[in-house]
Amino acid sequence: MRIPRFSSLSLRKKIIIVNILLLFSVTLSAAVISILELQGFYKKKIIDNLSTVIDECEFLLQNSAVALPDEYAFLTGFAETARVRLTLIDSTGRVIFDSKVPQDSLPRVENHLNRPEVLRSRTELTAHAERLSTTVNHPFFYLARYYPDGFSAQNSPAPFSYLRVAIDLNEVHFFYNELRKKILLGSLAAIIFIAALTYWVSGRVTKPILELAKTASLIKSGEFDIRFRPTSEDEIGELADVLNEMLKRLRQDVVELRKLQTVRSQFLANVSHELRTPIFSLQGYLETLLEKDDLGPELRKDFLNKAFRIAMRLNILLNDLIDISRIESGEMKLSFRHFKVHDWLEALCQEMQNKAAAREISLRFSPDTSDRTISAIGDTTRLTQVMSNLISNAIKYNRAGGEVVVSYRKVENGVRLFVRDDGQGIPREHIERIFERFYRVDPQRSRAVGGTGLGLAIVKHIVEAHGSTIHVSSDINQGSEFWFELKIS
Ligand SMILES: Nc1ncnc2c1ncn2[C@@H]1O[C@H](COP(=O)(O)OP(=O)(O)O)[C@@H](O)[C@H]1O
Ligand SMILES: [Mg+2]
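Rules and cut-offs
- Residues numbered from 1 in each chain as written.
- Chains lettered and ligands numbered in written order.
- Predicted model: local features only at pLDDT ≥ 70, side-chain atom pairs only at ≥ 80, totals over all residues.
- Heavy atoms only, no water.
- Pairing = 2+ DSSP bridges.
- Helix = DSSP H or I, 4+ residues; strand = E, 2+ residues; numbered from the N terminus.
- Axes fitted to C-alpha atoms, helices over the stretch in contact; angles between N-to-C directions.
- Contact = heavy atoms within 4.5 Å.
- Domains from an automatic or database assignment.
- Near = heavy atom within 4 Å.
- Polar contact = N/O pair within 3.5 Å; in protein donor to acceptor, adjacent residues only side chain to side chain.
- Areas by Shrake-Rupley, 256 points an atom, 1.4 Å probe, with all protein chains shown as cover.
- Nonpolar A, V, L, I, M, F, W, Y, C, P; charged D, E, K, R; others polar.
- Parallel < 35°, antiparallel > 145°, perpendicular 65-115°, else oblique.
- Left-handed = near helix turned anticlockwise from the far one by under 90°.

Asks: Sorry if this is basic, but what is going on with the sheet that holds strand β3 (residues 126-132) here?
Replies: Through backbone hydrogen bonds, the strands of a sheet pair up, either in parallel or in antiparallel fashion. Taking strand neighbours across the sheet as the criterion, the five strands line up as β2-β1-β5-β4-β3 in an open arrangement whose pairing is antiparallel. Each end of this open sheet is capped by a strand with a single partner; those strands are β2 (95-98) and β3. In this sheet, neighbouring strand axes are inclined to one another by 20 degrees on average, regardless of whether the strands run parallel or antiparallel. Its contacts with the sheet place helix α1 (residues 11-63) against β1 (85-89), β3, β4 (139-146) and β5 (162-168), and it is angled at close to 50 degrees to β4. Across the face of the sheet, helix α3 (residues 116-124) comes into contact with β1, β3, β4 and β5 while running at roughly 165 degrees to β3.

Asks: Would you explain the domain arrangement of the protein chain in this entry?
Replies: When the parts of a complex come together, some accessible area is lost, and that lost area is often used as the size of the interface. According to the domain assignment, the protein chain consists of domain 1 (12-176), domain 2 (235-327) and domain 3 (334-487). Each of domain 1 and domain 3 has a C-alpha centre, and the two are 122 Å apart.

Asks: So what exactly am I meant to see when it comes to the site of ligand 1 here?
Replies: Taken together, the neighbourhood of ligand 1 is formed by 20 residues, with Tyr397, Ser446, Thr452, Gly453 and Leu456 sitting nearest. Here Asp421 contributes a side-chain N or O atom positioned 3.0 Å from a nitrogen atom of ligand 1. The contact in question runs from an oxygen atom of ligand 1 to an N or O atom on the backbone of Gly455, over 3.4 Å. Contact with the protein chains covers 97% of the free accessible surface of ligand 1, which is 530 Å². When contributions to the shell around ligand 1 are tallied by element, the ones reaching two or more residues are α8 (380-396), α11 (455-465) and β12 (479-487). Classifying every residue of the shell around ligand 1 by side-chain character gives nine nonpolar, eight polar and three charged.

Asks: Quick question: what am I supposed to make of the sheet that holds strand β10 (residues 414-421) here?
Replies: Spatially, five strands are ordered β7-β9-β10-β12-β11 in an open sheet, and the strand pairing comes out mixed. For this open sheet the edge positions go to β7 (362-365) and β11 (471-475), each flanked by a neighbour on one side alone. Recorded for the sheet is a direction-independent mean angle of 15 degrees between the axes of neighbouring strands. For strand β9 (residues 403-411) and β10, the ladder comprises eight bridges, and the chain directions are antiparallel. Looking at the pairing, Ser407 lines up with Phe418 of β10.

Asks: Looking at this structure, how should I read the packing of helix α5 (residues 235-291) against helix α6 (residues 297-328)?
Replies: Between two packed helices, the angle of one axis relative to the other and the distance separating the axes together describe the packing. The interhelical angle for the contact between α5 and α6, taken along N-to-C directions, is 160 degrees, at an axis separation of 9 Å. Comparing the axis directions of α5 and α6 gives the class roughly antiparallel. Crossing handedness for the pair α5 and α6: left-handed. Facing α5, whose interface residues are Phe267, Val271, Glu274, Leu275, Pro278, Ile279, Ser281, Leu282, Tyr285, Leu286, Thr288 and Leu289, α6 presents Arg300, Phe303, Leu304, Lys306, Ala307, Ile310, Leu314, Leu317, Leu321 and Ile324. Grouping the amino acids of the contact of α5 with α6 by side-chain chemistry returns 17 nonpolar, two polar and three charged.

Right, dumping it as structure tokens:
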């Protein structure tokens, strides 16, 4: 089986693995430490107990009035009550009494002078050792006391130099094993409990993250209308809120983009439609001129004239198209500067007199103020484009003998510019739409007077780029008025 890399594991598995490893090391070291501490504690307790037994034994030997050989029975009884093995050894190492060995077998007992506890007691006076007894074949804990001058008691069975007590360790070991088992079982129970808890908690922690991931993958597959459900009030909940905000913006962007796309394709359809008609008629005139040799010079000239005018119109259309696409893509940069409103408008009206006269319209420049020094801020090239569009509309959609008035007036924070005519006016239901590209009230008439349908769209864009709005008010057969404001310096 291949072991997966830690980083490739799920969040939940990581949490569980780390927690359990941590738990294992903590519990195991706690268990080992407590077992070692308890063992030390009990060893000290055993030594204390055995010392007390030796003290008691000394006291009894010194104070009992029992005579030999009952002395041995007395000592055996004492050892049994104290649950110890009692051994008396003389200075040469010979065992003279052992509570676990019958008195007549003693001569066969090995010399005890080299027993570790006995050996060490010669220097330490009291010494202990833990080992298997060769005499009785059991693990024992021994405590020996040395009497350098021999134990002198009136009724000691025989003179001895070492008093040794021992306790069967089997009992103690049994107790140790019980203790160890309990501690280990307790640790195991703790590990299982905390592991289960970790499993549960990690599930709760990772669930909201998994939810987020699920939602995100749905969004990836194009479902934009769902939202991240905030399942908790912690950092993950916060993340969900942020993601929702992001999604909201994304959704807006997508909507915007789609709208833009339809606008673009509509624009393309409009443009090709606008171009097709003049190009067809141009083709028609040129074809006739090429194929019909019998055309009179008058007709020939007429056709050439018409073809020329169509070419001119195509040129105007092309310029308007370039303008509007540059404006809309943000490519057209305005260069603002101060200029005298009066001088600028006066010159512009002068230039447009011919156009007005050609249609028998009187074009008048009549300021609403006597202040000729008003200076506005703007891009005069672009503003000239605005005003000439408005003025030529006022001329074109007028009637013979009509009048166009160009004017300006100072207002709060700026100057308001007007173009007013007393022409045909714009029907109410069309007013909203005349600023759209290619929108005309009467397409036939617009084309007849050389319009492209783009003029007011360009006007609107340029006016808005100056931080202003273009307004219109119109009454049918009464005339129209267009106005906007510029900042003054
Ligand atoms: N002063 C006006 N009086 C009446 N109608 C107007 C006036 N100005 C604009 N319009 C209407 O608004 C439409 C859009 O104008 P515009 O965008 O300049 O396009 P174009 O003049 O090329 O047709 C015109 O076709 C016309 O129907
Ligand atoms: Mg126009």
